[in-house]
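Summary of structural features
The primary structure of each chain is shown beneath.
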Amino acid sequence: MTAEPRRETWPLWEVFVRSSRGLSHVHAGSLHAPDAELAVRNARDLYTRRSEGVSIWVVPAAAITASDPDAKDAWFESPRGKDFRHATYYTASQAVPHL
Amino acid sequence: MPNPPQPSSAVLTPEAIAASVTGQDATVRAADDVARYALGLGDDALVLAQRLGSWIASAPELEEDVALGNIALDTLGHARSLLTYAGSAWDQTEDDLAYFRDEADFRCRQIFERPNGDFACTIVRQLVVSAYFTALYRGLAESTDATLAAIAAKAVKEVAYHLDHASLWTVRLALGTEESRRRTLTGLEAVWPFVDELFAADPAADAVPDAAVAPAGLREPFDALVLPVLARAELEVPAAPALRGGGRLGVHSEALGPLLAEMQVLARRHPGAVW
Amino acid sequence: MPAEDPPTADPAAAAAEAARLAAFDALIADDKRIEPTDWMPPAYRKALVRQMSQHAHSEIIGMQPEGNWITRAPSLKRKAILMAKVQDEAGHGLYLYSAAETLGTTRDEMLDALHSGKAKYSSIFNYLAPSWADMGSIGWLVDGAAIANQVPLCRASYGPYGRAMVRICKEESFHQRQGFEILLALMNGTDEQRAMAQESVNRWYAPALMMFGPPDAESPNSRQSMAWKIKRFSNDELRQRFVDMIVPQAEILGITLPDPDLRWNSERGHHDFGELDWAEFQDVLHGNGQANSLRLAKRRAAHAEGEWVREAARAYAERTATSERMAS
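What counts as what
Residues numbered from 1 in each chain as written. Chains lettered and ligands numbered in written order. Predicted model: local features only at pLDDT ≥ 70, side-chain atom pairs only at ≥ 80, totals over all residues. Heavy atoms only, no water. Helix = DSSP H or I, 4+ residues; strand = E, 2+ residues; numbered from the N terminus. Buried < 20%, exposed > 50% of the residue type's maximum accessible area, 1.4 Å probe, protein only. Contact = heavy atoms within 4.5 Å. Polar contact = N/O pair within 3.5 Å; in protein donor to acceptor, adjacent residues only side chain to side chain. Expected span 1.5 Å × (residues − 1). Bend = angle between axes of the 7 residues up to and from the residue. Buried area = accessible area lost by both parts, 1.4 Å probe. Salt bridge = Lys/Arg side-chain N within 4 Å of Asp/Glu carboxyl O. Nonpolar A, V, L, I, M, F, W, Y, C, P; charged D, E, K, R; others polar.

You can see Glu63 of chain B is positioned in helix 3 (residues 62–88). Judged by its relative accessible area of 2%, Glu63 of chain B falls in the buried class. For the pair Glu63 of chain B and Phe199 of chain B, spaced 136 residues apart in sequence, the C-alpha separation works out to 34 Å. Residue contacts for Glu63 of chain B: discarding those within four places in its chain leaves Leu31, His32 and Asn42 of chain A together with Leu94 and Arg107 of chain C. Within the local environment of Glu63 of chain B, its side chain forms a polar contact with the backbone nitrogen of His32 of chain A, the two atoms lying 2.8 Å apart.

Spelled out as structure tokens, the structure:
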């Protein structure tokens, strides 16, 4: 499509924000920053302007390893049909209290 | 995405102060001499916020537009709280004080009037003033005046972040490239002659020694905050002689007049109007 | 970055291609979201990059007319609100650039396209904002129109776009209100203030209506975009919805919308409104607005003046990373 992509001005970082104590960090979005120290501060300025967070993680986007998108079927087929892993499968005991 | 919480009423906002100082149920009214002191502090923050506000849409990167925007907004918030409180002594609103006083009635120190210059110049000014504010508001949080103490207790956390931001950038600009170092040195040399004035006598502070923080006492904590950053950035304190200053007495640099003319132009064209 | 698929004569490859397309179409038909690593038709990717980057550029250029009033805002409260709003616009531009980057186009590439004049942004920002009341009109009418456009985009078929729009719509809810309240204060004020508000709305009404784009019959990209569920409603549908929304709001303000043909049509259950000047729309779109070259020049200047800063931070980061590697 295009020639060799040129070097980016600043690398891309992924931002994860914990919205309150007791909750996990959740992906909020991304941003550009020259280094980790500024990335986490930029994340604070960008993604917590309205009290959305109490803790922030930033990760270089390039450091993320993702599952293979083309192998979706092979990866995520196995759990389908194994309904016995879920409590709702066990209907005979449904009316029993505290179970 | 989580729902942001509603604005907390526990946070001391300019509106909360305004509510407590106006109307028949007014519970708070600044004493005249405390108000004079608060006015100087409020002017410092107002004039700086006015400067910082003009960075938005012109910052070196979008992320920095947002960062400088946050700093400008915090600083404007401090100004509004302090001016609202000061005005309570004289039945004046924050806007009466901001828009309808002339240059000679302003009490800001001259360093806050410095034009933005380039990004390095702004960052160095921000390093100096954030360190000063951090020392000041730490002290003021212990004020015998409950409102000043409460304003400072909120502000001290915010300016600590501003100091952190300016410190990181000072180091990066000073040690980045030849050009960024040259610009940082130029900025430092331009701003440093205004530093001593921050610690010069302020008659308004002297008049209320329990409510105020004595400026001279802030030099030591200021140095403790700034000098290590300069050292990390491999910058020397400039030898340039200090300027006479006099902002607290109404003596201002030539930069203040145009700043006020711009800030006040619309409000003064419609005196008495509500916006 | 997934390259565009070369045309192929290989029957097995062609079958695989058809299967991928069928899977994509099934996701769209099923109202499921497309995610960055999914296969997608090159034209879908291209349409998304175009729309999302244009949207981001509009946020960034849109900072200028309002940013110009921050230093002159007539009260400190208005100054704070305006600062927060213009800052939000930078944030929204950032969210959108980030979302577009998941499609393999870098922000640098998108900014280059903006700075070179190749990429478009919303024409509305090529109008000037010479009056304080314009801060009200921009919030009420321009942001109002933008929100009407954007709310359905929260359900756009491309996941990152929809998620960015959810965040943006939440944050923008205050933008329209603050604009309305600026106008309300003016309309409750002196004669001069009321005249200021009316004069401003007179200028912004028609351009705001044109923000929804040309009439459906003349909007070739719209149909495909709706088929892909990027866009959910047509230009004319959204425009009608917007007019129906602002008429009662204008009554509350006591402001007159400058359209002699504007009236309630009980048969349609909608307001009729006058023909818009599409020649002007095309003119502004093609560079002959009030401010096209000015907006671009200011944006370019800010970016160029920032170059040494970005370079300094990059140099520092590289040096620090090297010395850390040597130390470990």
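This is not the end of the story, as more comes after the structure.
Attention now goes to helix 8 (residues 191–210) of chain C. Residues and elements named next belong to chain C. The terminal C-alpha atoms of helix 8 lie 30 Å apart, and with 20 residues this matches the ideal 28 Å at 1.5 Å per residue to within 8%. Of all the bends in helix 8, the greatest reaches close to 35° and is centred on Trp204; the proline Pro207 follows between one and four positions later. Along helix 8, the positions that sit buried rather than exposed are Gln193, Met196, Ala197, Gln198, Ser200, Val201, Trp204, Tyr205, Pro207, Ala208, Leu209 and Met210. Summarising the contacts, the buried residues of helix 8 are in contact with helix 6 (133–150), helix 7 (159–187), helix 10 (235–253) and helix 11 (278–285).

Moving on: helix 7 of chain C. An α-helix turns once every 3.6 residues. As a result, residues three or four positions apart point the same way. All names here are of chain C. With 29 residues, helix 7 extends 42 Å from end C-alpha to end C-alpha; this agrees with the ideal 42 Å at 1.5 Å per step. The sharpest bend along helix 7 comes to roughly 35°, located at Glu171. Of all 29 residues in helix 7, 21 are buried, a share of seventy percent or more.

Quick look at the interface of chain C and chain B now. Contacts between chain C and chain B engage 45 residues on the former and 52 residues on the latter. A combined buried area of about 4300 Å² lies between chain C and chain B, and 67% of that area is made up of carbon and sulfur atoms. Area buried by chain C at its contact with chain B is led by Leu76, Gln87 and Trp308 of chain C, which between them contribute 18% of it. Our count for the chain C to chain B interface comes out at 3 salt bridges.

Before going further, it helps to spend a moment on the interface of chain C and chain A. In this complex, chain C contributes 25 residues to the contact, which on the side of chain A involves 21 residues. Between chain C and chain A, roughly 2200 Å² of surface is buried when both sides are summed, and carbon and sulfur atoms account for 47% of that area. Seen at the junction of chain C and chain A, the total is 4 salt bridges. Across the pair Asp88 of chain C and Arg50 of chain A runs a salt bridge, and its minimum N-O distance is 2.4 Å. Taken together, the links from chain C to chain A amount to 10 residue pairs in polar contact (both at pLDDT 80 or more). A per-element tally of the side of chain C that touches chain A places helix 4 (residues 76–101) of chain C first, with 8 residues. In terms of residue class, the side of chain C that touches chain A is made up of 7 nonpolar, 6 polar and 12 charged.

Nothing here speaks to function; it is geometry throughout.
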